[in-house]
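# Commentary on secondary and tertiary structure
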2 protein chains.
Amino acid sequence: MKTIHVALLGLGTVGSGTFEVIMERQKDVFVHKVGADILVKTILVRHPDKYRSVVPDGVQLTADINDVLNDPAIDIVVEVMGGIEPAKTYILQALAAGKSVVSANKDLIAVAGREIYAAAAKAGKDFMFEAAAMGAIPIVHPLMEGLSANHIQEIVGIMNGTTNYILSKMAAEGWSYDQALTEATRLGYAEADPTADVEGYDAGRKVAILANLAFHCPAVFDDVYIEGITKVSAVDIAFASRFGYVIKLLGIADQQEDGVALRVYPALIDKSHPLASVNDSFNAAFVRGDAVDEAMFYGRGAGKLPTASAVVGDVIDIARNIVCGCEGRLGDNTFASCHFLPIDEVKSSFFVRLSVKDTSGVLAQIGQAFGDADVSIAQVVQDTIADSDLADLVIITHAVKERNFRRALAAVLATDVVQAEESVIRVYGDVR
Amino acid sequence: MKTIHVALLGLGTVGSGTFEVIMERQKDVFVHKVGADILVKTILVRHPDKYRSVVPDGVQLTADINDVLNDPAIDIVVEVMGGIEPAKTYILQALAAGKSVVSANKDLIAVAGREIYAAAAKAGKDFMFEAAAMGAIPIVHPLMEGLSANHIQEIVGIMNGTTNYILSKMAAEGWSYDQALTEATRLGYAEADPTADVEGYDAGRKVAILANLAFHCPAVFDDVYIEGITKVSAVDIAFASRFGYVIKLLGIADQQEDGVALRVYPALIDKSHPLASVNDSFNAAFVRGDAVDEAMFYGRGAGKLPTASAVVGDVIDIARNIVCGCEGRLGDNTFASCHFLPIDEVKSSFFVRLSVKDTSGVLAQIGQAFGDADVSIAQVVQDTIADSDLADLVIITHAVKERNFRRALAAVLATDVVQAEESVIRVYGDVR
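No experiment lies behind these values; they were computed from the predicted model shown.

What counts, and at which threshold
- Residues numbered from 1 in each chain as written.
- Chains lettered and ligands numbered in written order.
- Predicted model: local features only at pLDDT ≥ 70, side-chain atom pairs only at ≥ 80, totals over all residues.
- Heavy atoms only, no water.
- Helix = DSSP H or I, 4+ residues; strand = E, 2+ residues; numbered from the N terminus.
- Rg over C-alpha atoms; globule rule 2.2 N^0.38 Å.
- Buried < 20%, exposed > 50% of the residue type's maximum accessible area, 1.4 Å probe, protein only.
- Contact = heavy atoms within 4.5 Å.
- Areas by Shrake-Rupley, 256 points an atom, 1.4 Å probe, with all protein chains shown as cover.
- Arc of directions from axis to C-beta.
- Least-squares fit on C-alpha atoms with pLDDT ≥ 70 in both.
- Disulfide = S-S within 2.5 Å.
- Pairing = 2+ DSSP bridges.
- Axes fitted to C-alpha atoms, helices over the stretch in contact; angles between N-to-C directions.
- Salt bridge = Lys/Arg side-chain N within 4 Å of Asp/Glu carboxyl O.
- Domains from an automatic or database assignment.
- Buried area = accessible area lost by both parts, 1.4 Å probe.
- Polar contact = N/O pair within 3.5 Å; in protein donor to acceptor, adjacent residues only side chain to side chain.
- Nonpolar A, V, L, I, M, F, W, Y, C, P; charged D, E, K, R; others polar.
- UniProt positions renumbered as here; feature names shortened; annotations may be inferred.

## Comments concerning the overall build of chain A
The helix and strand inventory of chain A stands at 16 helices and 17 strands. Its C-alpha atoms give chain A a radius of gyration of 24 Å, near enough to 22 Å, the size a compact globule of 432 residues would have. Once the C-alpha set of chain A is aligned to its principal axes, its extents read approximately 85 × 45 × 35 Å. For chain A, the proportion of its 432 residues judged to be buried stands at 59%. Nonlocal contacts in chain A, meaning residues at least 24 apart in sequence, comprise 72% of its contacts between residues at least 6 apart. Carbon and sulfur atoms form 48% of the exposed surface of chain A, whose accessible area is close to 15,800 Å².

What follows is the structure, given as structure tokens:
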């Protein structure tokens, strides 16, 4: 019976979850599932002494990457240290040393994915990264395998648990953004510095990675237009609800007429859409393809054991490849090139809330200004604001290129009936 | 450049969808995805003359299976003819002749899966059947691969589109079962003879197949307890809604204390559960595992191109195995044995609607009868029935073994205040 040896780079939350799944939870079943045993042989950590008491004898702790790279017994390197460097160098060195690699590092793959895919292909080894896209949710492998008979037209998802928790609570409990963020921090859903989550960077990295797989072109983080949720207000959520929508932070990658559009922003989404009922810290990716029609994948986007589920799933996949002598089986999927649209060129509908003078003829004047700029209005609600001579005017437009919308909005704001632009939020999908 | 040759057994809806995806939609991309070209070489049909005009020259039409089995150029046999025989014989012969096989045939796999898995393992070839479980939804491969680092505790799903359409319309439009079935037939969602769908047999086959993968044990259709939806009434749906539930036809496979329970029945499910918002003809499978926590897979359970998406996904998977010389890579996953619980031994909560005499003390008497039989009541609603001296008494119990519930119900029915048992429907999950 062959034994496949794994090295972990890092023993933080995901690393210790990975260790637990390999060495305890799945210990006795690898032989049935893989036809070989799987063991963690070596763990790279900065301070080996700190971990000696929590790691069983027989597992090597080291601070020296050469103990991994130069050990011919190590078949699979699992990078769960995070960050760009030295993670990137270690991954490339491991591939060059003839080891297959699993990584959960979305920061790295979103900027250097293509270089690593190419290095893996050149080495004839596997580079797998299921955990880097949507955490525990199987989406990387379905895109490369189960859905590979499709031309993917669109992936839209709720790709960040922290922001989904915040928006879910604002909608369900009527909390303000600040209240919801405070509670998310208290529960450990938000980090002390929540910037990467609430500004949409985390979701943006996932959009870049998923676009690689869906459209086979080398998208990177910088190709993704990003807006966070810090400006979303309880008032907007309430208005959205009256129109039949919820507000979610969406990551979207789709094929438009002129190119591929990649973006992350808060958006109104119809309450009947399957993504609309994805609540709390859950994530989901909704996929449209020419054959499959619509499919959705839902689950935990983060967490110790959920992320380890994806990491060890990849370890098992590679172990099966090793057993049957076919590492590198999936190859490099980024064989195409894409034109990425700047946000100005992307088509959406828009939700606009303006504070306007509460007099007759306002709607006619604003409607005229939008119409003159070729922006067509789908729905309007006007609400008097108590104890003022102002009203909230909320408009949902039909789909229009962002550049044209911005030009129209400037004209609207220049009319003498508009007091202020309160919010502009994009609307996902067709407007009724 | 290698060319991988496929034979189709059958050219019905799924067969022609498969042909379209291989020969038209994916034609130019196989070389990038697989490193080889893929072509349909031969199609087995009963009457080749009938199809000559719709199949391009160069594709062989034959009524003789030996033209497939004895052609050494054919690498992959795709069985989309349906039925038990001759499909089963052809699949076993193809494996024995050294060809890998894809099948969309749930009727067959739900009764003879284990025999075919073993034959494939013996031949060192692949037998793949993604389309047989949930149509277009990737669930077979995620269970065998992406989620393989889990001990699966439960799969619960909406596994039949026809019945989900019927129940969705009954809930949303207030239609009767007969009205909804008529509309489903008109739209082509229900077949002329809807028995296999509405009686739950189709969903039952999927439960058996998924249990093979989740629990690694050879479940067959006969191991699944099955009830259909023909007795579900608009009244029950309305009462369920008042308690915060919808009624869905659920397929459930779970590990209980004493064994594995496999069943299909209409059940109340909490409105906040992700499955509750799976509507119309969509399907979904919700999975709980020890590492992944919760995951859900949603999409089309049937249809020409959606089913072809799954079939051709398997063809691509096998083609990759052929290119790297590792057919049979996944092996036979049914390495364990399970004890399947008879329905009497399965634990559920129950929704019971009784017509009772509309007098005081009724609830006390019925509560006493349930209590004496150790069945604990979670919720009760009593509604006077207009123009009668009767009331609808609706009770939801806490979880109890089915045998104990039936014993308690018999005692309740024997009291002099109960006029009739109107309906008994199980409740999925924990009751509040």
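## So, helix α10 (residues 177–186) of chain A
Three or four residues apart is the spacing at which side chains of an α-helix point the same way, because the helix has 3.6 residues per turn. Residue and element names in this part refer to chain A. Along α10, the positions that sit buried rather than exposed are Y177, A180, L181 and A184. Projected onto a plane normal to the axis of α10, the buried residues spread over an arc of 100° and lie on a single side. Within α10, the exposed residues directed more than 90 degrees away from the buried face are D178, T182 and R186. The inward-facing, buried residues of α10 abut α9 (161–173) and α11 (195–198). Backbone geometry just downstream of α10 places G188 in the positive-phi region, at approximately 85°.

## What to know about the environment of D28(A)
Residues and elements named next belong to chain A. Structurally, D28 is set in the loop between α1 (13–25) and α2 (30–34). Owing to a relative accessible area of 60%, D28 belongs among the exposed residues under this scheme. For the pair D28 and W175, spaced 147 residues apart in sequence, the C-alpha separation works out to 47 Å.

## Topic: the relation of the copies chain B and chain A
When chain B is fitted to chain A, the best match, at an RMSD of 0.0 Å, comes from turning it 180° and sliding it 0.0 Å along the axis. Each copy turns onto its partner about a two-fold axis. No C-alpha of chain B approaches the rotation axis more nearly than that of F297(B), which lies at 2.4 Å. Take the interface residues of chain B: 100% of them recur as interface residues in chain A, which is what a same-surface contact looks like.

## What to know about the state of the cysteines
Residue and element names in this part refer to chain A. Counted under the stated rule, the structure contains two disulfides over all chains. The partner cysteine of C217 in its disulfide is C338, sulfur to sulfur 2.2 Å. Between C217 and C338, the S-S dihedral sits near -90°, and the bridge is therefore left-handed. Here C217 is found in the loop between α12 (201–215) and β8 (225–226), whereas its partner C338 is found in the loop between α14 (304–323) and β13 (347–357), with 121 residues between them in sequence. Of the residues examined, C217 reaches a relative accessible area of 0% and is grouped as buried. Sulfur of C324: no disulfide; nearest cysteine sulfur belongs to C326 and is 3.1 Å away.

## Points about the sheet that holds strand β2 (residues 37–44) of chain B
Residue and element names in this part refer to chain B. One open sheet accounts for six strands, arranged β3-β2-β1-β4-β5-β6; its pairing is parallel. Looking at the sheet topology across the chains shown, the edges are occupied by β3 (60–62) and β6 (127–128). Both β2 and β3 contribute to a ladder of three bridges, which runs parallel. Looking at the pairing, T42 lines up with Q60 of β3. In the packing of helix α5 (residues 87–96) onto the sheet, contacts are made with β1 (3–9), β2, β4 (74–79), β5 (100–103) and β6, and the angle to β5 comes to roughly 155°.

## Considering the pairing of strand β14 (residues 377–384) of chain B
Walk down a regular strand and you will see the side chains alternate between the two sheet faces. As judged from the seven bridges shared by β14(B) and strand β15 (residues 390–397) of chain B, these two strands associate in the antiparallel manner. Within the sheet, the bridge partner assigned to V381(B) lies in β15(B) and is V394(B).

## Notes on the environment of A104(B)
As for its position among the elements, A104(B) is in the loop between β5 and α6 (106–123). If we ignore the near neighbours within four places in the chain, the residues touching A104(B) are E79(B), V80(B), A131(B), A132(B) and V311(B).

## Here's the deal with the pairing of strand β9 (residues 245–256) of chain A
Residues and elements named next belong to chain A. When you tally the buried positions in β9, you get ten out of twelve residues, the bulk of the element. Where strand β7 (residues 152–158) meets β9, four bridges bridge the pair, whose relative direction is antiparallel. Bridge pairing links I155 to A253 in β9. Between the antiparallel neighbours β9 and strand β10 (residues 259–270) lie two residues.

## Observations concerning the pattern of salt bridges
Residue and element names in this part refer to chain A. This model, assessed by the stated rule, comprises 52 salt bridges over all chains. Close ionic contact of K206 with D202 constitutes a salt bridge, the shortest N to O distance being 2.9 Å. A residue pair is termed a helical-turn pair when its members lie 3 or 4 positions apart in one helix, as K206 and D202 do in helix α12 at four residues. The burial state of K206 is the same as that of D202; both residues are buried. By sharing partners, the salt bridges in this structure join D258, D344, E345, K401 and R403 into a single network.

## Focus: helix α5 (residues 87–96) of chain A
All names here are of chain A. For α5, the complete set of buried residues consists of A87, K88, Y90, I91, A94 and L95. Seen along its axis, α5 keeps its buried residues to an arc of 165°; they face one direction. G98 sits one or two positions beyond α5 and adopts a positive phi of about 85°.

## Quick word on the domain arrangement of chain A
Residue and element names in this part refer to chain A. For chain A, the domain assignment lists domain 1 (3–136 + 303–324), domain 2 (143–300) and domain 3 (345–428). Each of domain 2 and domain 3 has a C-alpha centre, and the two are 25 Å apart. Taking both sides of the interface into account, the surface hidden between domain 2 and domain 3 amounts to around 1,800 Å²; carbon and sulfur atoms contribute 59%. Looking at the side of domain 2 facing domain 3, the largest losses of area belong to F239, F243 and L268, adding up to 35% of the total buried there. Where domain 2 packs against domain 3, one counts four salt bridges.

## Comments concerning the sheet that holds strand β4 (residues 74–79) of chain A
All names here are of chain A. Spatially, β3-β2-β1-β4-β5-β6 is the arrangement adopted by the six strands of the open sheet, whose pairing is parallel. One side of each edge strand has no neighbouring strand; the edge strands of this open sheet are β3 (60–62) and β6 (127–128). Helix-sheet contacts for α1 involve β1 (3–9), β2 (37–44) and β4, and the interaxial angle to β2 is about 150°. Lying on the sheet, α5 is in contact with β1, β2, β4, β5 (100–103) and β6; it crosses β5 at an angle near 155°.

## Describing the interface of chain B and chain A
Taken together, the contact between chain B and chain A spans 48 residues of the former and 48 residues of the latter. Contact with chain A buries surface across chain B, with Y298(B), R320(B) and R329(B) losing the most and accounting together for 15% of the total. In this assembly, chain B and chain A are joined by six salt bridges. Between D317(A) and R329(B) there is a salt bridge, with its nearest N and O atoms 2.9 Å apart. Summed over the shared surface of chain B and chain A, the result is 24 residue pairs in polar contact (both at pLDDT 80 or more). Taken together, the elements giving at least two residues each to the side of chain B that touches chain A come down to α1 (13–25), α2 (30–34), β11 (282–289), β12 (293–300) and α14 (304–323) of chain B. Broken down by element, the residue count for the side of chain B that touches chain A peaks at nine residues, all from α14(B). For the side of chain B that touches chain A, a count of residues per class yields 24 nonpolar, 14 polar and ten charged. Both strand β12 (residues 293–300) of chain A and β12(B) contribute to a ladder of five bridges, which runs antiparallel. Note that in β12(B) the partner of F297(A) across the bridge is F297(B).

## What to know about the UniProt feature "active site" (unreviewed entry) in chain A
Residues and elements named next belong to chain A. Here the UniProt-annotated "active site" (unreviewed entry) positions come out as K206. Other than its neighbours up to four places away in sequence, K206 contacts K106, A132, A133, M159, N160 and N283. Among the polar contacts made by the side chain of K206, one reaches the main-chain carbonyl oxygen of M159 at a distance of 2.6 Å.

## Re the environment of Q368(A)
Relative to the elements of secondary structure, Q368(A) occurs in helix α15 (residues 362–372). Classification of Q368(A) as partly exposed rests on a relative accessible area of 49%.

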